[in-house]
Amino acid sequence: MKHIINVILLIIVGTVVMLVAVNAIEWLPIAAAEEAGPIDRLFGLEMNIIAFLYVFVMGFILYSVFAFRRKPGDESDGEHVEGNATLEIIWTVIPLITVLLLALLGGFALKETMAKEPNELEVNVQSRQWSWTFEYPELGITSDELYLPAGFQAHLTMTSEDVIHSFWVPEFRVKQDTVPGITTELRIKPTVVGQYKVRCAELCGTSHYSMLANVNVLEPADFDQWMLKKQGAAAAALEDPVVFGEMVAQNTGCLGCHSIDGSAMAGPTWQGLSAKDDAYLVDSIVNPGSAIAEGFADIMPKNYGDLLSEDEINAIVAYIKSLE
Ligand code: CUA
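Here the residue index of a chain counts from 1 through its sequence in written order. Reporting of local features is limited, given that this is a predicted model, to residues whose pLDDT is at least 70; pairs of side-chain atoms are given and counted only at 80 or more, and all residues count toward the totals for whole chains, interfaces and linings. Heavy atoms throughout the structure, all of them, feed into the side-chain values; hydrogens and water do not.

Trainee: I tried to follow the overall build of the protein on my own but got confused; where do I start?
Mentor: Secondary structure elements follow DSSP: runs of H or I no shorter than four residues count as helices, runs of E no shorter than two count as strands, and numbering proceeds from the N terminus. Check the secondary structure of the protein and you find 8 helices and 10 strands. It is over C-alpha atoms that the radius of gyration is taken, and the globule rule equals 2.2 Å times the number of residues to the power 0.38. The C-alpha atoms of the protein give a radius of gyration of 28 Å, which is well past the 20 Å a tight globule of 324 residues would have. In terms of overall dimensions, the protein has a C-alpha envelope of 90 × 50 × 35 Å along the principal axes. The buried share among the 324 residues of the protein stands at 33%. The long-range share in the protein, meaning contacts at least 24 apart out of those at least 6 apart in sequence, stands at 67%. Exposure categories follow from relative accessible area, calculated using a 1.4 Å probe and restricted to protein chains: below 20% of the type maximum is buried, above 50% is exposed, and the middle band is partly exposed. By the convention used here, residues are in contact when the closest approach between their heavy atoms is within 4.5 Å.

Right, here's the structure in full:
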């Protein structure tokens, strides 16, 4: 009995210390969306339960190591233990109930993050090795950065052109896979103006680590400004093949792997190709395995000939040749 009381006291003191420590640490980046609320609540609850469990297990182990250590000269065997049905029932039933309760709370939190508000901003998210594109069907614009107005819910409908990727902005907390052949969805109501990043959270190939895109949360008035500018640029692009080519390159994700300033990314830079003839550049887009630039691997997807129209390919070539 004396030992049990000692262990309980040790666990109580240890739990208090551990709870103070665990709650003093900022585990997560700032919460910049309403959906972060239920997730952070759940995360906090689970961290506290884990802190207690850790102390509970370690308390018994450490106490036993000291209290029941072998005394000098004691050569006798330990007591033979057959098992303890009561104890086994307790340590099966209590964790079972705890885990089921957490699953239930997780279900409630998931429902809360998917709650739909009346006026959603529709965004179609395209993903591919290794870039993101964001299309705003109601606004008639497409962008390689995600822009969202603060205080408005966005409804993201997502898919993938090749393998499974995962849309994750840590500051928004919510995460969703993008899967070829089906659409998945996510709702985000950003609350804090600022710049964040989408990180692909599914191992998807050579440049998985660099599959990033900027996320800009703007004041609604600034968002409207951006929208108008973008719509103007889309109109101008119809006039000028170079501008059109730049837009296609951004929207198709080319710039996820090719720089325009000479720096090396997953693929060779587009800078300094103005002397190349058009046929070579077209061939490098539709048949990228035919001539691999030195120092690079044959990793460019082979389906751009199907994804892009002839006009779009010619516009990209015009854009590449315009780069100084
Ligand atoms: Cu896409 Cu990792």
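Trainee: Would you explain unusual backbone geometry in this entry?
Mentor: When glycine is set aside, most residues are seen to have a negative phi, and most peptide bonds are trans. The omega torsion across Gln129 and Trp130 is 0 degrees, close enough to zero to call that bond cis. Residues other than glycine seldom take positive phi values, yet Arg173 does so here, at roughly 70 degrees. Judged by relative accessible area, which is 11%, Arg173 ranks as buried.

Trainee: Mind showing me how you'd approach the layout of surface pockets here?
Mentor: The method is simple in principle: a probe with the dimensions of a water molecule rolls over the atoms, and the space it marks as empty is what remains. For the largest pocket, the calculated volume is near 600 Å³. For each structure, a 1 Å grid was placed over the protein atoms alone; sets of points admitting a 1.4 Å probe that cannot get out are labelled cavities, open sets with protein on both sides within 12 Å along at least five of seven lines are labelled pockets, and lining residues have an atom within 4 Å of a point. Taken together, 32 residues make up the lining of the largest pocket; nearest its centre are His258, Pro268, Trp270, Ser284 and Met300. Of all the elements in the fold, those that place two or more residues in the lining of the largest pocket are α6 (278-286) and α8 (310-322). Of all the elements, α6 adds the most residues to the lining of the largest pocket, at 4 residues. When its residues are assigned to classes, the lining of the largest pocket shows 23 nonpolar, 7 polar and 2 charged. Grid points are joined across faces, edges and corners, and a volume is the space filled by probe spheres set on the points. Any residue outside Ala, Val, Leu, Ile, Met, Phe, Trp, Tyr, Cys, Pro, Asp, Glu, Lys and Arg is labelled polar, Gly included; the first ten of those are nonpolar and the last four are charged.

Trainee: Quick question: what am I supposed to make of the pattern of salt bridges here?
Mentor: Salt bridge criterion: a side-chain nitrogen from Lys or Arg within 4 Å of a carboxyl oxygen from Asp or Glu. What the rule picks out here adds up to 9 salt bridges. Here Asp40 and Arg173 are joined by a salt bridge, their closest N and O atoms 2.7 Å apart. With Asp40 in helix α2 (residues 36-67) and Arg173 in the loop between β6 (165-168) and β7 (175-178), the pair connects residues that are 133 residues apart, well separated along the chain. What makes Asp40 partly exposed here is its relative accessible area of 24%. Among the salt bridges present, the one from Arg187 reaches Glu120, with a minimum N-O distance of 2.3 Å. With Arg187 in strand β8 (residues 184-188) and Glu120 in the loop between α3 (85-113) and β1 (121-128), this residue pair connects regions lying 67 residues apart in the sequence. What makes Glu120 buried here is its relative accessible area of 11%. The network of salt bridges with shared partners includes Glu34, Glu117 and Lys189.

Trainee: Please explain the packing of helix α5 (residues 241-252) against α8 as it appears in this structure.
Mentor: Helix-helix packing: each pair is described by the crossing angle between the helix axes and the interaxial distance. Every axis in this analysis is a line fitted to C-alpha atoms, fitted for helices over the stretch in contact. Angles between the N-to-C directions lie between 0 and 180 degrees. Where α5 contacts α8, the two axes come as close as 7 Å, and the packing angle between them is 105 degrees. Taken together, the axis directions place α5 and α8 in an arrangement best described as roughly perpendicular. Residue-level contacts link Pro241, Val242, Phe244, Gly245, Glu246, Val248 and Ala249 of α5 to Asp311, Glu312, Ala315, Ile316, Ala318, Tyr319 and Ser322 of α8. Residues of the contact of α5 with α8, tallied by class, amount to 9 nonpolar, 2 polar and 3 charged. To sort the angles, those under 35 degrees are grouped as roughly parallel, those over 145 as roughly antiparallel, those from 65 to 115 as roughly perpendicular, and the leftovers as oblique.

Trainee: Would you take a moment to explain the pairing of β8 for this structure?
Mentor: Remember that side chains alternate between the two faces of the sheet whenever the strand is regular. Burial within β8 is extensive, with 4 of its 5 residues counted as buried. By the bridge criterion, 5 bridges tie strand β5 (residues 154-160) to β8 in an arrangement that is antiparallel. Pairing of Leu156 across the sheet is with Leu186, part of β8. DSSP calls a pair of strands paired once it identifies at least 2 bridges connecting them.

Trainee: I keep staring at the packing of α2 against α3 and nothing clicks. Help me out?
Mentor: Where α2 contacts α3, the axes come no closer than 9 Å and their chain directions differ by 160 degrees. Relative to α3, the element α2 lies roughly antiparallel. As α2 packs across α3, the resulting crossing turns out to be left-handed. Of α3, the residues touching α2 (which contributes Pro38, Ile39, Arg41, Leu42, Leu45, Glu46 and Ile49) are Leu102, Leu105, Gly106, Ala109, Glu112 and Thr113. By the definition used in this description, the sense in which the near helix is turned from the far one sets the handedness, with an anticlockwise turn below a right angle giving left-handed and a clockwise turn giving right-handed.

Trainee: Any chance you could explain the pairing of β6 here in plain terms?
Mentor: Across 4 bridges, the pairing between β6 and β7 is antiparallel. Within the sheet, the bridge partner assigned to Phe167 lies in β7 and is Gln176. Linking β6 to β7, which pair antiparallel, is a turn of 6 residues; within it Arg173 sits at a positive phi near 70 degrees.

Trainee: What should I look at first to understand the sheet that holds β7 in this one?
Mentor: Sheet strands associate in pairs through backbone hydrogen bonding, adopting either a parallel or an antiparallel arrangement. Spatial ordering of the open sheet is given by β4-β10-β9-β6-β7, a layout of 5 strands whose pairing is mixed. Only two strands of the sheet have a single partner each, and these edge strands are β4 (146-149) and β7. Averaged over all pairs of adjacent strands, the angle between their axes in this sheet comes to 25 degrees, without regard to strand direction. Sheet topology note: the β6/strand β9 (residues 194-200) ladder contains 2 bridges and is antiparallel. When the bridges of β9 are listed, Trp168 appears paired with Arg199. Where helix α4 (residues 220-237) meets the sheet, its contacts fall on β4 and β10 (212-218), and the angle it forms with β4 comes to roughly 140 degrees.

Trainee: Hey, could you run me through the side chain of Lys189 in this one?
Mentor: With respect to the helices and strands, Lys189 occurs in the loop between β8 and β9. Here Lys189 is in contact with Ala32, Ala33, Glu34, Glu35, Glu117, Gly151, Phe152 and Gln153, once residues within four sequence places are set aside.

Structural measurements only, silent on function.
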